[in-house]
Amino acid sequence: ERDITIILDKNIEFSRVEEELIRTNVALLTSWYTRDIFSGKPLAENEKSITLHLTYSDANRTLEDQEAQTATTQICTHLCTVLPARINE
């Protein structure tokens, strides 16, 4: 499991973020939910942040930490490229 926070334009609907999570085609990603949505300072007026809780699993084995990290990196890269968004480190 991992949490990520993305910062994106306020006008991008969460359904678009969900579509892109599906499009990442990361096989280990089994579920996600929104942990938090925030707008206001210190973000720009036209921005919001969304914190997502990502769950990874494999039915046949226990995942290694590096596998979850690699999947998270793939998802972050995809979201930052297509939405556009940036990751709040």
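Please refer to the structure higher up on the page.
A few points on the structure.

## Remarks on the overall build of the protein chain
Right, on to step 1. Of the regular secondary structure elements, the protein chain holds two helices and four strands.
Right, on to step 2. Along the protein chain, helices (α) and strands (β) appear in the sequence β-α-β-β-α-β when read from the amino end.
Right, on to step 3. For a compact globule of 89 residues, the expected C-alpha radius of gyration is about 12 Å, and the protein chain comes in at 13 Å, within 12% of that figure.
Right, on to step 4. Each principal axis of the C-alpha distribution contributes one length, and for the protein chain these read about 45 × 20 × 20 Å.
Right, on to step 5. Across the 89 residues in the protein chain, those meeting the buried criterion constitute 37%.
Right, on to step 6. On the protein chain, roughly 5600 Å² of surface is accessible, and the fraction owed to carbon and sulfur atoms is 47%.

## Notes on the pattern of salt bridges
Right, on to step 1. Applying the stated criterion across every chain, the model contains seven salt bridges.
Right, on to step 2. Across the salt bridge formed by Arg 23 and Glu 20, the nearest N and O atoms sit 2.8 Å from each other. Taken as a pair, Arg 23 and Glu 20 lie in helix H1 (residues 14-23) at a separation of three residues, close to a single helical turn.
Right, on to step 3. Given the relative accessible area of 52%, Arg 23 is considered exposed.
Right, on to step 4. When its relative accessible area of 3% is taken as the criterion, Glu 20 is described as buried.
Right, on to step 5. With a closest N to O distance of 3.8 Å, Arg 61 and Asp 58 form a salt bridge.

## A word on the nonpolar core
Right, on to step 1. Counting 20 residues, the largest nonpolar core has Ile 6 and Ile 75 as its most contacted members.
Right, on to step 2. Among the secondary structure elements, those contributing two or more residues to this core are strand E1 (2-9), H1, strand E3 (47-56) and helix H2 (65-82).
Right, on to step 3. If near-sequence neighbours (up to four positions away) are discounted, Ile 75 is found in contact with Ile 4, Leu 21, Thr 24, Val 26, Leu 29, Leu 54 and Tyr 56.

## Topic: H1
Right, on to step 1. Looking at H1, one finds that the buried residues are Val 17, Glu 20 and Leu 21. Seen from one end, H1 has its buried residues packed into an arc of 105 degrees, which puts them on one side. Relative to its buried face, H1 has exposed residues pointing more than 90 degrees away, namely Ile 22 and Arg 23.
Right, on to step 2. Immediately downstream of H1, the backbone of Asn 25 shows phi near 55 degrees, a positive value.

Parameters at a glance
Residues numbered from 1 in each chain as written. Predicted model: local features only at pLDDT ≥ 70, side-chain atom pairs only at ≥ 80, totals over all residues. Heavy atoms only, no water. Helix = DSSP H or I, 4+ residues; strand = E, 2+ residues; numbered from the N terminus. Rg over C-alpha atoms; globule rule 2.2 N^0.38 Å. Buried < 20%, exposed > 50% of the residue type's maximum accessible area, 1.4 Å probe, protein only. Areas by Shrake-Rupley, 256 points an atom, 1.4 Å probe, with all protein chains shown as cover. Salt bridge = Lys/Arg side-chain N within 4 Å of Asp/Glu carboxyl O. Core = buried A, V, L, I, M, F, W, Y, C linked by side-chain atoms within 4.5 Å. Contact = heavy atoms within 4.5 Å. Arc of directions from axis to C-beta.

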